[in-house]
Amino acid sequence: MNPLLQRLQPYPFERLRQLFSGVVPPAQLRSISLGMGEPRHPTPAFITQILVSNLTGLSNYPATAGEPRLREAFAGWLARRYQVQLDHMTQVLPINGSREALFAIAQTVVDASRPEPMVVCPNPFYQIYEGAALLAGATPWYAPSDPERNFAVDWDSVPANVWQRTQLLYVCSPGNPTGAVMPLAEWEKLFALSDAHGFVIASDECYSEIYFQGAPPLGGLEAAAQLGRSDFRNLLAFTSLSKRSNVPGLRSGFVAGDAALIKDFLLYRTYHGGAMSPPVQAASIAAWGDEDHVVANRQMYRDKFEAVTPLLAPVLDVALPDAGFYLWARIPDALGLSDTQFARALQAQYNVTVLPGSYLAREAQGANPGAQRIRMALVAPTSECVEAAQRIVQFVQSLSSKPTS
């Protein structure tokens, strides 16, 4: 067996299952999960209809690069959304959801024969970044998010000798779990570091279409274009239909950016078997070409956040994020509970599932930036989210009313 597999840590939801071992929630309360970030809004009917009407495509092997019409749909959406122009033949590729591609890019760009290869990622983070780095033979370095700066990642905390060995940087904007969006000045800093040290930037943008106020979130390609980097050198942006169009089971997205990197990634994917099936390609073309369902989807999330956030704010340190569908709440110190104790007790007493923040981060530089926080995914119907919030309020109030010893 590949010895690098032994370096992988359990996935957060496996840890959650172990945390809840032996817990018997009250039977009179229906189970409500705010734990997993899986979209639960209905899939738009037109996507389903196009998918099933193109099943004849199953008789053909698909090209790894995708059909030209599909790549044109990617480039067209990027032009409309970000005002950037990319060559659909050389600068975009279909991917089977952003998860598999975010993993695969590390296997493509990391050269493990170089001394002490490093991969930098935010902390807290999407655990695929860590696993991808480890299985590519690199060492992850975790850059902490700063609550005092709306959870912006503290890239300045990364030592110079780490940047010198860095081959790949994962960024996530809007962030999971914090919802923070990177401003142009932050992109400019990272581009300068990439130019100085030659590392690739993999920008995870799968939450870009779920936002609540003001202009839509700035994307990596958009930032590069605004800064005169029209060749998008050493930059790849990854996005997906899963959250935007409520089709996580479709496994459809794309990667776009530096043509030289796309060429090498296509070579890797050809051997890896990363082709998208023809019916999925047809449904994807339709989905990327329609914005009405995206606007309606965004409004459903806005409604939920407007209903839930004011309920929770009096008992937890929580605020509306920049974007995404998570609330990243801090547990009051006065409760005397860790994030894992809070999640277990909430499950046991009120049958509501939340994810401990420490499961989404690593102990690094002397601290776990997810500790004492919980992530709540507002993916369930509004009525369920509101009921869950009301139970959380009751839970915290019950703890606050207990006399201290």
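All figures in this text were calculated on a predicted structure; none of them were measured in a lab. (Residues numbered from 1 in each chain as written. Predicted model: local features only at pLDDT ≥ 70, side-chain atom pairs only at ≥ 80, totals over all residues. Heavy atoms only, no water.)

So, about the sheet that holds strand 10 (residues 326-330). Read from one edge of the open sheet, 3 strands run 10-13-12, paired in antiparallel fashion. Only two strands of the sheet have a single neighbouring strand rather than two, namely strand 10 and strand 12 (355-356). As paired elements, strand 10 and strand 13 (residues 373-377) share 5 bridges and run antiparallel to each other. Across the sheet, residue arginine 330 finds its bridge partner in strand 13, namely arginine 373. (Pairing = 2+ DSSP bridges. Helix = DSSP H or I, 4+ residues; strand = E, 2+ residues; numbered from the N terminus.)

Summed over the entire model, instances satisfying the criterion amount to 19 aromatic pairs. Both rings, one in phenylalanine 74 and one in phenylalanine 254, keep their centres 4.5 Å apart while their planes meet at 25 degrees; by these two values the pair is stacked. You can see phenylalanine 74 sitting in helix 3 (residues 68-82) and its partner phenylalanine 254 sitting in strand 9 (residues 253-257), a full 180 residues away along the chain. Ring centres of tyrosine 350 and phenylalanine 395 lie 5.9 Å apart, and the angle between their planes is 65 degrees; this geometry places the pair in the edge-to-face category. Pair noted here: tyrosine 350 is in helix 13 (residues 339-350) and phenylalanine 395 is in helix 14 (residues 382-400), with a separation of 45 residues, a long-range link. You'll find tyrosine 350 and phenylalanine 395 in the same group, each marked buried. A network of ring pairs unites the aromatic residues Phe74, Trp77, Tyr82, Phe254 and Trp288 as a single cluster. The ring of phenylalanine 265 carries arginine 269 above its face, with NZ or CZ at 5.2 Å from the centroid. (Phe/Tyr/Trp six-rings, centres within 6.5 Å; stacked < 30°, edge-to-face > 60°. Buried < 20%, exposed > 50% of the residue type's maximum accessible area, 1.4 Å probe, protein only. Lys NZ or Arg CZ within 6 Å of the ring centre and 35° of its normal.)

A separate point is the pattern of salt bridges. Tallied over the entire structure, the rule returns 16 salt bridges. Taking the shortest distance from any N to any O, the salt bridge between arginine 233 and aspartate 195 comes out at 3.5 Å. Placement of the pair is arginine 233 in the loop between helix 8 (220-226) and strand 8 (235-240) and aspartate 195 in helix 7 (residues 184-197), with a sequence separation of 38 residues. Take aspartate 195: its relative accessible area is 40%, and that puts it in the partly exposed class. Through salt bridges with shared partners, a single ionic network connects Arg30, Arg40, Glu384, Glu387 and Arg391. (Salt bridge = Lys/Arg side-chain N within 4 Å of Asp/Glu carboxyl O.)

This next bit is on the sheet that holds strand 2 (residues 92-95). One open sheet accounts for 8 strands, arranged 2-9-8-7-6-3-4-5; its pairing is mixed. Edge strands, defined here as strands with exactly one partner in the open sheet, are strand 2 and strand 5 (152-153). In this structure, strand 4 (residues 139-146) lies alongside strand 5, joined through 2 bridges in antiparallel fashion. Residue pairing across strands places aspartate 146 opposite alanine 152, the latter belonging to strand 5. The sheet strands contacting helix 3 are strand 2, strand 8 and strand 9, and the helix crosses strand 2 at an angle near 110 degrees. (Contact = heavy atoms within 4.5 Å. Axes fitted to C-alpha atoms, helices over the stretch in contact; angles between N-to-C directions.)

Packing of helix 12 (residues 292-312) against helix 14 leaves a shortest axis separation of 9 Å and a crossing angle of 5 degrees. Relative to helix 14, the element helix 12 lies roughly parallel. Between helix 12, through Lys304, Ala307, Val308, Leu311 and Leu312, and helix 14, the contact on the second element is made entirely by Thr382, Cys385, Val386, Ala389, Gln390, Ile392 and Val393. Across the contact of helix 12 with helix 14, the residue classes break down as 9 nonpolar, 2 polar and 1 charged. (Parallel < 35°, antiparallel > 145°, perpendicular 65-115°, else oblique. Nonpolar A, V, L, I, M, F, W, Y, C, P; charged D, E, K, R; others polar.)

A few words now on empty space enclosed by the protein. Under the criterion given, the structure shown has 1 cavity of 30 Å³ or more. Considered as a void within the structure, the largest cavity measures approximately 60 Å³ in volume. Forming the walls of the largest cavity are Trp77, Leu78, Tyr82, Glu205, Gly219, Gly220, Leu221, Glu222, Ala237, Phe238, Thr239 and Phe254. Sorting the residues of the lining of the largest cavity by element identifies helix 3, helix 8 and strand 8 as the ones contributing at least two each. (1 Å grid on protein atoms, 1.4 Å probe; cavity = no way out; pocket = protein on both sides within 12 Å on 5 of 7 lines; lining within 4 Å. Points joined across faces, edges and corners; volume = space filled by probe spheres on them.)

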